Amino acid sequence: MTPPTLRLMDALLISGPEGGHRESLMRQAEMSPTTFYRGLEPLLEMGVVVERRGHYTLPLSHPYNFAYKLWHDQARLLELPQRLRVELLSLIDKIHSGLGDNLLALWLHGSAAHQTMGDSSDIDLLAVLRAANEGFDVKGWREVQLTTLIADDFREDYRHGDNFLRTVLSHGLLVFDRG
């Protein structure tokens with residue numbers, strides 16, 4: 001993939017599930033119309049990008065897009081301030097150890113994902129589990145808000161367009177995924 005194509009994919013990721021129209025994506029990716037269409041054409045041909053009524057989306061149901069989002073989010077984790085990154089990696093390890101194979105996916109969302117944390121900010125995480133796990137709690141250097149959803153509930157809420165999930169999936173960072 002060429003650098004303009006990767007910039008376009010980044011712009012599509014940032015646009016979230018709603019996608020974006022040509023002008024907003026060109027502005028986000030900082031490209032001309034010619035470069036936009038040159039980068040877009042192979043993505044459309046491969047089915048990586050979908051166009052509906054002038055809006056382009058990067059559906060995460062496509063395995064390549066999902067892998068790209070995971071890579072993209074992991075790169076964003078490396079950009080977090082060192083103290084937050086160390087704390088977050090410690091929390092991920094605690095959650096993974098505590099939940100084991102029951103943990104299917106974990107997202108960082110809220111101010112930590114957007115790098116807008118203040119001194120009193122908490123760390124917001126969403127965990128998708130195979131089965132209920134009552135009483136699991138995780139402690140960090142600061143307060144941790146761990147929201148858990150059973151996989152079936154997660155899928156159902158996603159299908160119904162739950163605003164919380166839409167926000168987490170669009171703007172949060174996927175930090176762990178079991179597929």
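Refer to the preceding data block for the structure.
Just so it is clear, the structure is predicted and the values come from calculations on it, not from any experiment.

Caption draft 1: Highlighting the overall build of the protein chain. Within the protein chain one finds 8 helices and 7 strands. Its C-alpha atoms give the protein chain a radius of gyration of 17 Å, near enough to 16 Å, the size a compact globule of 179 residues would have. Burial statistics for the protein chain: of 179 residues in total, 39% are counted as buried. Across the protein chain, every contact between residues at least 6 apart in sequence was considered, and the portion connecting residues at least 24 apart equals 58%. Element-wise, carbon and sulfur atoms account for 51% of the exposed surface of the protein chain, whose accessible area totals about 10000 Å². Taking the average location of the 18 positive side-chain charges in the protein chain and that of its 24 negative ones, the two points are 4 Å from each other.

Caption draft 2: Summary view of the environment of D101. Counting through the fold element by element, D101 comes out in the loop between α5 (82-99) and β4 (103-109). Distance from D101 to Q115, taken between C-alpha atoms, is 30 Å for residues 14 residues apart in sequence. If we skip the residues at most four places from it in the chain, D101 touches R130 and R178.

Caption draft 3: Structural view of the nonpolar core. In this structure, L88, L106, L108 and L125 are the most contacted members of the largest nonpolar core, which totals 22 residues. Those elements giving two or more residues to this core turn out to be α5, β4, α6 (111-114), β5 (123-129) and β7 (173-177). The element contributing the most residues to this core is α5, with 6 residues. Of all hydrophobic cores here, the second largest spans 17 residues; its members include L25, A29, Y56 and L58.

Caption draft 4: Local environment of the layout of surface pockets. In this structure, the largest pocket encloses a volume near 1200 Å³. Lining the largest pocket we find 44 residues, and of these L60, S61, F66, Y158 and L169 sit closest to its centre. At the level of secondary structure, the elements contributing two or more residues to the lining of the largest pocket comprise α1 (3-15), β2 (50-52), β3 (55-57), α4 (63-78), β4, α7 (151-159), α8 (163-171) and β7. Of all the elements, α4 adds the most residues to the lining of the largest pocket, at 6 residues. Classifying every residue of the lining of the largest pocket by side-chain character gives 20 nonpolar, 12 polar and 12 charged.

Parameters at a glance
Residues numbered from 1 in each chain as written. Predicted model: local features only at pLDDT ≥ 70, side-chain atom pairs only at ≥ 80, totals over all residues. Heavy atoms only, no water. Helix = DSSP H or I, 4+ residues; strand = E, 2+ residues; numbered from the N terminus. Rg over C-alpha atoms; globule rule 2.2 N^0.38 Å. Buried < 20%, exposed > 50% of the residue type's maximum accessible area, 1.4 Å probe, protein only. Contact = heavy atoms within 4.5 Å. Areas by Shrake-Rupley, 256 points an atom, 1.4 Å probe, with all protein chains shown as cover. Lys, Arg positive; Asp, Glu negative; His and termini not counted. Charge placed at Lys NZ, Arg CZ, Asp CG, Glu CD. Core = buried A, V, L, I, M, F, W, Y, C linked by side-chain atoms within 4.5 Å. 1 Å grid on protein atoms, 1.4 Å probe; cavity = no way out; pocket = protein on both sides within 12 Å on 5 of 7 lines; lining within 4 Å. Points joined across faces, edges and corners; volume = space filled by probe spheres on them. Nonpolar A, V, L, I, M, F, W, Y, C, P; charged D, E, K, R; others polar.

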